[in-house]
Each structure stands twice: as C-alpha cells, then as structure tokens.
Amino acid sequence: MTRTGEGTLAFPGLSARLAWYYSTTDAKKRVSAAALAGWLPKKGDRVERFDAIVIGGGLVGAAIAYGLARAGLGTLMLDEGDGAFRASRGNFGLVWVQSKGEGAPHYQRWTRRSADEWPGLAAELLDRTGIAVDHHRPGGVHLCLGEAEFDDRRERMERMRRQSGNLGFDYRMLDHREVADLLPGIGPAVTGASWTPYDGHANPLALLRALHRGFVDRGGHYIPEAAVGDATAAARNFRIASAAGEFAAPRVVAAAGLGNAALSPLFGLNAPVRPQRGQILVTERARHLLPMPTTTIRQTDEGSIMLGDSQEDVGFDTGQTAPVMQAIARRAVLSFPWLRDLQIVRAWAALRVMPPDGLPIYDQSELYPGAFTVNCHSGVTLAAAHANLLAPMIAAGALDASLDLFSAKRFDVPAAA
Amino acid sequence: MFRLRRNGGPASVAVVVEGALVHVVPGASAAAAVLAAGFASIRETPVTGAGRAPYCMMGVCYDCLAEIDGIPNQQSCMVETRAGMRIRRQLGARQLDPPNQHNE
Amino acid sequence: MNSVEFAIIGAGPAGLAAAALAGEFGLDTMLIDEQGSPGGQIYRAVETARADSPLGPDYLAGSHLVAAMRAARIEYRPGTTLWHLDPGGPLFLAHAGRTETVFARRVLLATGAIERPVPIPGWTLPGVMTVGAAQILLKSADLIPAGDIVLAGQGPLLYLLAAQLVQAGSPPRAILETTPGANYREALLALRRRWPGLRPLLKGLGSILAVKRAGVRRRCGVRGLRAIGHARLERVVWQGGEIAADHLLLHQGVIPDIQISLALQLRHEWDDGQLCWRPVLDPWGQTSTPSVAVAGDAGGIAGAAAARLSGQLAALDAAMLLGRINGPERDRRAATVRAALAREQALRPFLDRLYRPQRSILAPEEDDTIVCRCEEVTAGAIRRAARLGASGPNQVKAFTRCGMGPCQGRICGPIVGALIADTLGRPIADAGTWRPRAPYKPISVGALADLDAGV
C-alpha cells in the first residue's frame, strides 16, 4: 500500500478522492463491502435531516458539535472508524498560550480567550457528564538549554509582548536558579526558561470522551464508521452521503482533520492542511513531582510523565523512529536528570493537522453559505474557543468578522500586477 | 502459600524479601522468591491500591512488579535471583527522589 | 552497528530448531530471547531439570533441542529484549539496562503462545494464577502450591498440570472443567472427519487417568466461575457449587503471542477455529512483510512438536532466501518435515473443538469484572465506551485507558475485542486489533537517551 504525499491532496473527482482515501489510510483499515456500497448515494434512500452536521469526531469536531447541541441545534456528528488517523488520540495535552501567535496578534488573542474559557468548560463538563478532564492552569515553562536558546526565547517573548497591544502579555524570563526553585531536580544543562501564567494542561482523551458524552446527553447524534464520500451543496442546504447513510442539514462543518483537505472543496472551501508527525514517550506512573507543565515534559494526573515533542515532515507515516525517540529522551534527561531511571511504558507517533503557516483555518463558504471549515493543530488548547465562541457563530450562520484573518484566503497568491 | 518440592534440596540462593532471608533454587525468579517467602501479594496497584500476585509468571501480565535492589517496578518474574538480592513489594506508583540542588 | 543475516526472536522449540538448522547452513544467526535461559515456556529450565522431574519425559525431551542450539555456530543472546523493530531496518535490543542496535537481513518471530486470559469475577485476587504460571514455578523454582488447590478451565494443560501436581505430592482438591457439553459432540465429529491416530489421544487420556486414580474430585460442565475473597482468594464459587481454596489455577487454552507482529503491522486474520488472531502466513511462515517470518505457536497454536518443525521450515526458507540453497533443494529437504508436521497438526481440529471456550470466558458477562488488570478497567466501562461510539479497541483505549498500562494490551486485548463485538452485535473479526507501539517492553528514559552511544 503506497502512501501519497501532500501533492495529491487537492485533486477533484469522487473516484480520485476514493483513491486518495484508500491510499492514505492505515494499512490495517478495513472497509466492509456494505460501507463501500454506502459511498455512493442511491436515489430514493431515506435522508435524515438535522439542524447541523459536523463531519469529524475528534477534538475539533466534538467541541463544535457539543457547542451546537448545547445551543439547542439538532446536531449530527459523523466520524470514521477505529483505525483512522485521529490526531486527537495522539495529543500531548497542553493548554498552551506562550508560544502561540508570534507575528499574528489575532491568534495570540484567540488562544488567550480560549485559555480563559477553559476552566469554565472543564467545570461544565464535569457537572454535566461526571467526567473530569483534569485541567490545571498553574502557568507553564519553556525550558532553554544553552545561552543561544535562552536569548532566542527572550527575544521571542519580547516580540509577543510588543505585539500583544492592549491585551498585554505577562511573561518572565527565569534564570537557572529561579527555574530550580520552581521545578525539582532541574539539570545543570538548563540555562533558564520563559514562564507565563496563562499556560496549563489537561487530559485530551478525557476531554474527548467528555465532549462526546456531553454531546450525546444534549441530544446529539453520533455515528462512527460513517466516512463521508460525497456531498451536494447549495446555500443553506447540504446533502451528505456517508458510509452510514445520507443526511441533510442547512449547516455543515468540515472538522475532519487531515481529511478536511479533500472534504472542504465539496463545500466551496479550501483547507490546505498537511500532516506533521510528532512522537511522544510516556513513562510509568510516579508519585507527583512536577507542579507545572513545560512545553515538552508534563506529568499527568495519573502520575505518568509525558515526553515530547518532535516535528517531522514525513507525509502520512505514523511510524516511530529510534533517532527521534532518542532525541526526545536526551532532551528530557538534560532537563531533569532524574528522569533517567523512569521506565518508558508506551510511546506513539501521531499526525498533527498542520495548516501552511501553523495558524488555524476558520472559513465560511461564500459559494454555499452555511458551510464551514475548521482546522487547527491545537485541538486541546482551542477546545473552549471552539465550543463557546465558534459554535455559536456557526449556529447563527456566519463567522464574526474578528475571525476574518483566519480565512484560507490568506493563502491565495495575489495576482501579479 | 508455596513450598519447595524437595526439602533440603539445592535451594542454595539466599535473597532478602521484605527484610527476611529466603532460600530459593538457582534460576528461580525474584517473583518466585516472594511467593516462597509466603507473601500472598507482591504489589499494590497504583490505581486503587488493590493487592496483586503474579498471574502469568512469564512476563506478560506485569502483575509481578516489585522493587529489586532499590529499583522499583521491575517485572520480578523476569529477574533471576542472585545471592543477596533485596526484594521489596511495590506499593503503588514509584516514588521519585530528585536531588535537591542549586547548581551554578 | 552489529549486523547479522538472520535474527530469531524467541528460544522456545520453534526458535531453537530454527537456530540449530540455520547454524548448519552457516547462516550468520542471532537468537534473541528475553528469558535468562533457553527453552521458552514449554521447556523452561530444562537445562537444569533433574531426570526425576515430575514434569515428565516430554518435557525433558526438550533438552535435546536446547543442546542442538548450544552446539550450533550461532550467537545466543539470553536476557535480551527486542523493544523496536524497523522492518527492513535495525532491531533495537535492550540487555541489562543498555540498548543495542543490530541490523538483520531476515527476522523470524518465534514468540510462542500466551495463556488465553480468563476474566472471571475475582481473577485479580492474590491466589489466582494461570495453570502455566504454576507450571513455571514448578519448573524454574521447584515450588508447588500448598494448601487447597483448585484447577478450573479446559484444555490439555489442565490435566497435565494436575497430573504433575499429583506426582509432586500436592494433588489438587478439585478440578472444575468448564468444557460445554456441546463441545464433545463437535469434537467427535472432527475425529470422524480426520483421524489423528491413537497415540496422541492416549497421551491425553494418560493424564486424566493419573488424576482420577489419585482421587481428585472432578466437576464437569462448570459455569459461572468466580473467585471470592477479601485480600486474597478464599473460595471458588460456580453455578451449583463452591469450595474453599487457597489457590485457583485457571486455564482456557493458549493463544499466539502477536504483540510484536501486530506492532509491525503485519497482516493478521481472525481464526474462528481457535478463537484468536494470528498473522497471515504462507507455508514457510512468510508474513505480509518480505523480511519477516513467523514460526511456532506465534503463527497459530499447534503445540511444541509442530513448533519445532515449523521452525525448521522457516530456517530452510531463510537458507534459500539468503542464498545457501536453491528452491528445489529447499523443497526436497522440507518434504519429511512437512509430513511430520501434518501428522502433528492432525489432532488440532479435535482439540480446538473440544476445548473451545465458552462465550462468557471471551466476553465476561458481569459489568464489574475487571478486564484491564493494569488500569483496573471493568467490562462495564468497556461496554459503555462501545455504546458511546468506540467501535474498535483503539477507541476503547482512548476512552477508558484500557490497554495503556505496562502490559500494553497483551492480557486485555482479546477480551476487549470480544466485548466490543458483543456490545455492537457484530463478529469479533470486525472489531479489529489494536496497534502496539515501541517500546514493546519498557526501557528506561536513560537507556533510550544513550541509544547511539551504546552501539
């Protein structure tokens, strides 16, 4: 089974899309004959109608679907099966602000708003579903190993502050001794760190489960194994053909992660997202030691310590590689030498959904009003914004002007004069 | 409870289980030593603290996790006993002891 | 970096036989095994066993296989764990806390079998273990359970261990056979279709007779097994009976150890006859990945003798693929091996039908029963996740943490598939498998950090 690169993502045509779908899915994926038959809409089949259809059941889709259901819309969430890419299952779990939006104040602002909405969402989910998403906001630290990293980071933080305007950006550059006071057993290789009070972390899988549960409790309909094959689009009138049947709604949201690249054009939208691989290591459980997360090291509520991160451009390959695992382990051990003795009990590689400039793509279709595309690689951090800010816009039928800069139009090459 | 099949047989390896001396045959695993010492459970789980004993004895179930010579959470059924080995039950998640330090 | 032609994972009968034959062909071979001494589980500690071992002559015969491996010109690496393999690329090994990288042109997985998990209520209580575990304690530590011993389940190993316990002077108080009545009928039909010969049938009967002669109580058709106790096992209860017990030894057959073959994403298929997943193999053990083959029980349960023979076939194939012999020569040498293998496999349909586990063993009926021992996730939680939309084991893992513990789904994997199938009303084959990841067994952060330095 061959893997295709990003160059083949944007071609049109149903058979071509099918070819892309089969060629890029995990080799172990099984599509039954019945599902295959379901790709092609049949005349005369019953079509179920909803107020909104969300295509994608990961952190992005689930957060939006939850927000829509909470707003009283009869919402359908269509999802793929067990073997799909599922970026949400590979998430590290940071609710991270300090590194987001350099050179893009609108993204900085959006991220801050989401982080501020997070505690409310977490409490609401606990209250409604009984599921704790283990959100903590103790502030966060980005460790710098070496003077060059430290200077680089300080300059970057300063730029963030300048760009933040009246929003403000409260950060501190800590020297080694100050970091040692905050975090136990910091290694001698740690020159210092940047700290902000805005950062935190949560359990991404618990969040996904809570959003799904909350969605269903609010009357939402969730259908897995329902890969979307084709759609007919008209203004506020969409018909979706999936492996689980046909559905119609006046609103449709493409939240299918990497699948959005092929899916969005069905609705006159452009979502040029590409896979970016990240690998993560997880240690055995240990008694609690780390009081706050760092960008690449965090301790979960269960006690496991998660180590990341890598950014690899390898297409749709979710394989693990020893050199990257080694690099993650090395940096972890330089940061906290006492990590040496901990056993790594599991690890994985997952594909981030990466727009060309790293910033989210939020767009509404001009050709077919009522269609939206939602894309980002920070499904946990932005979950609150998606549920509390974005979903209401979608329910109302149009995105706020404040999100204009997130439109995919920013990728259009201006015509030469 | 487990007993040695031959009394006075070649149980010549002396190990220390929870501070008490235990003799096992050469080649016996640390897990076997704990069972030979008469302990019903070898660990308490980090999730609920429930007592567990080895289930598979072949490295699959990880219910035999014990602290061996100071190193916690080892698959004791996969560790061959050596004279003087110190084995302790694993009680919950491991404790971490980072050095207290203010480096220059 | 160290480089070999042929790397074999597992020193049970399949691996030992493959290694010995590979050595004969002059293949540059490395035999890697995580146990400290050779023999796998079935011949565990056979090198140090005494001639009067209660484990019997079949067990002791394994010493020949071990001796042949020792005599062969191959590199034997005990106490060594494979934690990552890049098919077509290097093997990543760990030994005594240090990592090592080895490149091999061809890899043979001979990882054998594991006990089928037996998730009855109370199976996590101290005092409950598998029949195989008790046998390992007998073999490797000369320890036998004391007090009241109860054996429960079905499969050839049940009576074998019972007879060994009788021989060792610790007869069990009772044997609770869970074989459903319908199985006998099916098994007899299988015998009619294919007669395996008298000898293998008589061997099995020998254990049963020895146990009967010792006066061990037997109950047949037992259902609804549960282990009861506060901090440890106190009694065993079943529909219509109960008995005080200090030890409950469970057995429901064995299934292939496919943790590594799944991690490599080799093609697998559901074997409905043996109710387990197995890698898809050609007659030489070749998998869906060109450089990887599987031999022995890891490719489908057929017993120790069959494992030895399939190890030989894999070595013959390797010898051809690595240029030592040609195709016709390989086939010629394989002829007698295949004939012997066919004879060994003749009893299999009978055994598979006779010892087919009850549905409630595959998918526990009570919601409170623990399924994931590591994370203490219950059957009820898994059913709820499946109803919430988790249509496969990976989604169940994401929703419940089942499979995230140190065993990485080795124990709970088969149960989860059956529970999903049960809850969603579809065949187990459709529920799929999950994808184990490296490290296949835990390694320390430090050992990983030092990876290239250890070469």
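Refer to the structure printed above.
These notes cover the structure that comes with them.

What counts, and at which threshold
- Residues numbered from 1 in each chain as written.
- Chains lettered and ligands numbered in written order.
- Predicted model: local features only at pLDDT ≥ 70, side-chain atom pairs only at ≥ 80, totals over all residues.
- Heavy atoms only, no water.
- 1 Å grid on protein atoms, 1.4 Å probe; cavity = no way out; pocket = protein on both sides within 12 Å on 5 of 7 lines; lining within 4 Å.
- Points joined across faces, edges and corners; volume = space filled by probe spheres on them.
- Helix = DSSP H or I, 4+ residues; strand = E, 2+ residues; numbered from the N terminus.
- Nonpolar A, V, L, I, M, F, W, Y, C, P; charged D, E, K, R; others polar.
- Buried < 20%, exposed > 50% of the residue type's maximum accessible area, 1.4 Å probe, protein only.
- Pairing = 2+ DSSP bridges.
- Right-handed = clockwise from strand over helix to strand, strands pointing away.
- Salt bridge = Lys/Arg side-chain N within 4 Å of Asp/Glu carboxyl O.
- Contact = heavy atoms within 4.5 Å.
- Buried area = accessible area lost by both parts, 1.4 Å probe.
- Axes fitted to C-alpha atoms, helices over the stretch in contact; angles between N-to-C directions.
- Parallel < 35°, antiparallel > 145°, perpendicular 65-115°, else oblique.
- Polar contact = N/O pair within 3.5 Å; in protein donor to acceptor, adjacent residues only side chain to side chain.
- Phe/Tyr/Trp six-rings, centres within 6.5 Å; stacked < 30°, edge-to-face > 60°.
- Lys NZ or Arg CZ within 6 Å of the ring centre and 35° of its normal.

### Some remarks on empty space enclosed by the protein
Taking a probe equal in size to a water molecule and rolling it over the atoms shows the remaining empty space. Residues and elements named next belong to chain C. One pass over the structure, following the stated rule, counts five cavities of 30 Å³ or more. If you add up the space inside the largest cavity, you get close to 340 Å³. Every residue lining the largest cavity is counted, 25 residues in all, and those nearest its centre are I258, L262, W277, G413 and P414. The set of elements that each furnish at least two residues to the lining of the largest cavity consists of strand 17 (254–256), helix 8 (259–263), strand 19 (276–279) and helix 15 (413–424). Residues belonging to the lining of the largest cavity are distributed by class as follows: 16 nonpolar, six polar and three charged.

### A few points about the pairing of strand 3 (residues 75–78) of chain A
Residue and element names in this part refer to chain A. Of the two faces of strand 3, the one lined by T75 and M77 and the one lined by L76 and L78 are each fully buried. As defined by bridge partners, strand 2 (residues 52–55) adjoins strand 3 across four bridges and the pair is classed as parallel. Bridging from a neighbouring strand, I53 pairs with L76 of strand 3. Regarding the hand of the β-α-β motif, the stretch spanning strand 2, helix 3 (residues 59–70) and strand 3 is right-handed. Note: strand 3 against strand 9 (residues 221–223), three bridges, orientation parallel. Opposite L76, over in strand 9, you have H221 as the bridge partner.

### With respect to the pattern of salt bridges
Summed over all chains, the structure comprises 50 salt bridges over all chains. Ionic pairing is found between R340 of chain A and D450 of chain C, a salt bridge with its closest N-O pair at 3.0 Å. A residue pair is termed interchain when its members come from two chains, as with R340 of chain A in the loop between helix 9 (322–335) and strand 17 (343–354) and D450 of chain C in the segment after helix 17 (445–449). By relative accessible area, R340 of chain A is classed as partly exposed at 32%. In this structure, the salt-bridge partner of E5 of chain C is R105 of chain C, at a minimum N-O distance of 4.0 Å. Of this pair, E5 of chain C sits in strand 1 (residues 2–9) while R105 of chain C sits in strand 6 (residues 98–109), placing them 100 residues apart in sequence. Through salt bridges with shared partners, a single network forms among R43, R52 and D63 of chain B together with R373 and E376 of chain C.

### Regarding the interface of chain C and chain B
Chain C puts 47 residues into the contact, and the matching count from chain B is 36 residues. Counting each side, the surface lost to burial between chain C and chain B is near 3,700 Å², with a carbon and sulfur contribution of 59%. Across the chain C-chain B interface, the total number found is three salt bridges. Going through the elements one at a time, strand 7 (113–115), strand 8 (128–130), helix 4 (131–141) and strand 9 (143–145) of chain C are the ones with two or more residues in the side of chain C that touches chain B. Of the residues forming the side of chain C that touches chain B, the biggest block, six residues, is contributed by helix 4 of chain C. With three bridges joining them, strand 1 (residues 2–4) of chain B and strand 9 of chain C adopt antiparallel strand pairing. For R3 of chain B, the partnering residue across the bridge sits in strand 9 of chain C and is I144 of chain C.

### Thoughts on the packing of helix 9 (residues 304–321) of chain C against helix 10 (residues 327–345) of chain C
All names here are of chain C. For the pair helix 9 and helix 10, the least separation of the axes is 9 Å and the interaxial angle reads 170 degrees. For the element pair helix 9 / helix 10, the angle class is roughly antiparallel. Residues A305, A306, L309, Q312, L313, L316, D317 and M320 of helix 9 touch helix 10, and the partners they reach there are G327, R330, R333, A334, V337, R338, A340, L341 and E344. Residues of the contact of helix 9 with helix 10, tallied by class, amount to ten nonpolar, two polar and five charged.

### Some details on the environment of R199 of chain C
Considering the arrangement of structural elements, one finds R199 of chain C in helix 7 (residues 198–213). Spatially, the C-alpha atoms of R199 of chain C and Y355 of chain C are 19 Å apart, while their sequence positions differ by 156 residues.

### Describing the interface of chain A and chain C
How big an interface is tends to be reported as the loss of accessible area on association of its parts. At the junction of the two partners, chain A supplies 44 residues and chain C supplies 40 residues. Between chain A and chain C, a total of about 3,600 Å² is buried, with carbon and sulfur atoms accounting for 52% of that surface. On the surface where chain A and chain C come into contact, there are four salt bridges. With a closest N to O distance of 3.6 Å, E302 of chain A and R401 of chain C form a salt bridge. For the pair chain A and chain C, the interface holds 19 residue pairs in polar contact (both at pLDDT 80 or more). At the level of secondary structure, the elements contributing two or more residues to the side of chain A that touches chain C comprise helix 7 (204–217), strand 14 (274–283), helix 9 and strand 17 of chain A. When its residues are assigned to classes, the side of chain A that touches chain C shows 18 nonpolar, ten polar and 16 charged. When strand 17 of chain A meets strand 23 (residues 443–444) of chain C, the two strands line up antiparallel, connected through two bridges. The residue of strand 23 of chain C that forms the bridge with I344 of chain A is I443 of chain C.

### What about unusual backbone geometry?
Along the chain, G308 of chain A connects to D309 of chain A via a cis peptide bond; the corresponding omega equals -20 degrees. Positionally, D309 of chain A belongs in the loop between strand 16 (305–307) and helix 9. Here the amide bond leading from A438 of chain C into P439 of chain C is cis, since omega sits at 0 degrees, within 30 degrees of zero. Tracing the chain through its elements places P439 of chain C in the loop between helix 16 (428–431) and strand 23. The backbone of M57 of chain B shows a phi angle near 60 degrees, a positive value even though the residue is not glycine.

### So, the packing of aromatic side chains
Considering all chains together, one arrives at 13 aromatic pairs over all chains under this definition. Where F169 of chain A meets Y171 of chain A, the ring centres are 5.9 Å apart and the plane angle is 35 degrees; that geometry is what we call tilted. Judged by centre distance (5.9 Å) and plane angle (80 degrees), the rings of F238 of chain A and F267 of chain A are edge-to-face. Linking F238 of chain A in strand 11 (residues 237–242) with F267 of chain A in the loop between helix 8 (260–263) and strand 14, this pair joins segments that are 29 residues apart in sequence. The residues F238 of chain A and F267 of chain A share a single accessibility class, namely buried. One aromatic cluster in this structure is built from Y107, W110, Y362 and F406 of chain A. Over the face of the ring belonging to Y198 of chain A we find R112 of chain A, whose NZ or CZ atom lies 3.9 Å from the ring centre. R330 of chain C extends its terminal NZ or CZ atom over the ring of W284 of chain C, reaching a point 3.8 Å from the ring centre.

Fair warning: the whole summary comes from geometry, so function is off the table for now.
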